[in-house]
Structure formats: C-alpha cells, structure tokens
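# Reading the structure
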Amino acid sequence: MPLVSGSEIFKAARKNGYAIGAYNTNNLEWTQAILQSAQEKNAPVLIQTSMGAAKYMGGYKLVVNMVKDLIESMNITVPVVLHLDHGEYEHALECIEAGYTSVMFDGSSLPFEENLAKTKDVVERAHAKGMSVECEVGTIGGEEDGIVGTGELADIDECIQMVNTGIDFLACGIGNIHGVYPENWKGLDFDHLQAITDAVGKDVPLVLHGGSGIPQDQIEKAITMGVSKVNVNTEFQLAFARATRQYIEEGKDQAGKGFDPRKLLAPGKEAIIKEAQNHIDWFGSANKA
C-alpha cells in the first residue's frame, strides 16, 4: 500500500474509540521495526520524524524514499502515514514538497495570531496535495528539538480557533510533557481534556504528545475522551539503549563477528518491535488496518 494521508484513518480512530501510534524514527532499523510491528498487528501506523532526526538521516527526501522503498520491499499492506513532528513553518513547507503525507506545523512558540495565520497557509498548501495537518495550541512540557514547554493547559478559545482553520488533528496541552516524566508529575488533566473535547466537537481527533511514560490506564482513558493519535519516542529510545547496552555488557560484540553493526543493532531493533506492538495493543488499533 502506498503512503496515505492521516485524515481518514484518524477520523476512523476518533469515531470508533481507538488511537493510532505515532512513532518517531531515527534510522533504518527503527523504520523497519515500526513497519514490521504494524504489519504483524494489522494496524495503521504513523511514522514521524523530528526536524533533527530527518537532518541526521540525510534530509526529508531521503526519508520519503527510504520509507516508500521499505514499504515495497517488506510487502507492507497496512496504511502508513509519513509525518513531520514539531515542524517549523519552512520545514513544514519543505515536507509538503518532499512527499510527506502529513505535517505538524508547530507555531506554539509564536504569538497566537501569527501561529494562526501560518497554520492557515500550511493547511491550504497541504490540503491542495491531499496531505493532513496537525497543529498545536500552547506548548507541551519538556523539550523537543529545542522547543521547550512547561506542561501548560491549552487555552480553550485558542483550540476552537485553531480547529476552525481546517486542521485535521489538534495537539493540545493537558498536563503532558516530552521526555522522561518526573516523579512529581501530577498526571493528565482529564477535566481539561473533556472541556477541549466539548468545545471543538466530538469529531475532531486530538493528539497526545509525550506518550512515553504515561501510565497505561491514563492513556486508555484519554482515548475514550477523544485522543486519537499518541506520540511515542523517548520510550523507544530507552528500550533501544537498554537492549544495546546489555548486548555489549554481556560481551557479545567481542564474540566472533558480534561487532558487525547488523548484529550489534539487532537487539535494539527487537526491543522497538516489542514496544511498538505493546503500544498498538494499548491503543486498541490492532486489526484496524
């Protein structure tokens, strides 16, 4: 199946009460792991790159070609969305031209009126090419590619105005943060999530950023209240690091040709497959392709 826009699959998720995993990729092995996980679970999936990860891998066009080629070579038949995560305005426009099928324009650090104006432009350009658009109100806590937030709660009126631009899904702060959650984290604010859902309407898919480390019961409750896209990155990074460290600490890289990068990276790749499939089960998207 060719790459698809996120609009229809996230509308289906919102309507039917499940969420789709939005998994960041950082290299070839991560991309293979995400695609394999989705195929084995028969689940739609969103593969996303941050601006920094795309630069590390060689640029947006390389990412597009890599994902398309892997879909073909791995015989992937489930719907796959290729998405820009937390993209600045110029990067969103570049991805629209490069062949991504979905973009997040993150203007949350801008004055709201400027954020709104640039969102409208991104929506117009992306929709003309059949692409979906995600935008953010307020800032999500933690740090993502240099964008830092303190976990604020999204302004309800701003959520309404942002949805009225025609975006396909809305990222809004409900107490979630990027990165590792501190011990004193208070949890998701479900009252605020309900207020946002009531304000923007039951058909608007909402996005939960910082999905790594949120307790499963909180994620599942958020999904019942309108969250249809859950972003996961840090959790996969930690699992990859643990598995790679164990391989080296056990001396396997020094046995035979254990130093071969294909062998060295294999445990980390398997860890991502396991994590991705666990999350697909949490999100309820297995067998929804």
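Residues numbered from 1 in each chain as written. Predicted model: local features only at pLDDT ≥ 70, side-chain atom pairs only at ≥ 80, totals over all residues. Heavy atoms only, no water.

The name given to the protein chain in an unreviewed UniProt entry is Fructose-bisphosphate aldolase, with Tetragenococcus koreensis as the source organism. Within the UniProt record for the protein chain, the comment given under Pathway (unreviewed entry) is "Carbohydrate degradation." (UniProt positions renumbered as here; feature names shortened; annotations may be inferred.)

In the numbering used here, UniProt assigns the "binding site: Zn(2+) 2" (unreviewed entry) feature to Asp 106 and Glu 136. Maximum C-alpha separation among the annotated residues is 5.8 Å over a sequence range of 31 residues, consistent with a single clustered spot. By the secondary structure assignment, Asp 106 is in the loop between β4 (102–105) and α6 (112–128). A distance of 2.6 Å separates the side chain of Asp 106 from the side chain of His 86, its partner in a polar contact. (Helix = DSSP H or I, 4+ residues; strand = E, 2+ residues; numbered from the N terminus. Polar contact = N/O pair within 3.5 Å; in protein donor to acceptor, adjacent residues only side chain to side chain.)

The positions that UniProt labels "active site" (unreviewed entry) are, in the present scheme, Asp 85. One can find Asp 85 in strand β3 (residues 80–87). The buried category is assigned to Asp 85, whose relative accessible area is 2%. (Buried < 20%, exposed > 50% of the residue type's maximum accessible area, 1.4 Å probe, protein only.)

Attention now goes to the pattern of salt bridges. One pass over the full model with this rule turns up eight salt bridges. Its salt-bridge partner being Arg 125, residue Asp 121 comes within 2.8 Å of it at the nearest N-O pair. Remark: Arg 125 and Asp 121 occur in helix α6; sequence separation between them is four residues, near one turn of the helix. With a relative accessible area of 21%, Asp 121 lands in the partly exposed category. Overall, Arg 125 belongs to the partly exposed group, its relative accessible area being 41%. (Salt bridge = Lys/Arg side-chain N within 4 Å of Asp/Glu carboxyl O.)

Here helix α4 (residues 60–73) is 14 residues long and its end C-alpha atoms lie 20 Å apart, about the 20 Å a rise of 1.5 Å per residue gives. Those residues of α4 lying buried are Tyr 60, Val 63, Val 64, Met 66, Val 67, Leu 70 and Ile 71. One face of α4 carries all of its buried residues, which in axial projection span an arc of 165°. In α4, the exposed positions angled more than 90 degrees off the buried face are occupied by Lys 61, Asp 69, Glu 72 and Ser 73. Positioned one or two residues after α4, Asn 75 has a phi angle of 55°, which is positive. (Expected span 1.5 Å × (residues − 1). Arc of directions from axis to C-beta.)

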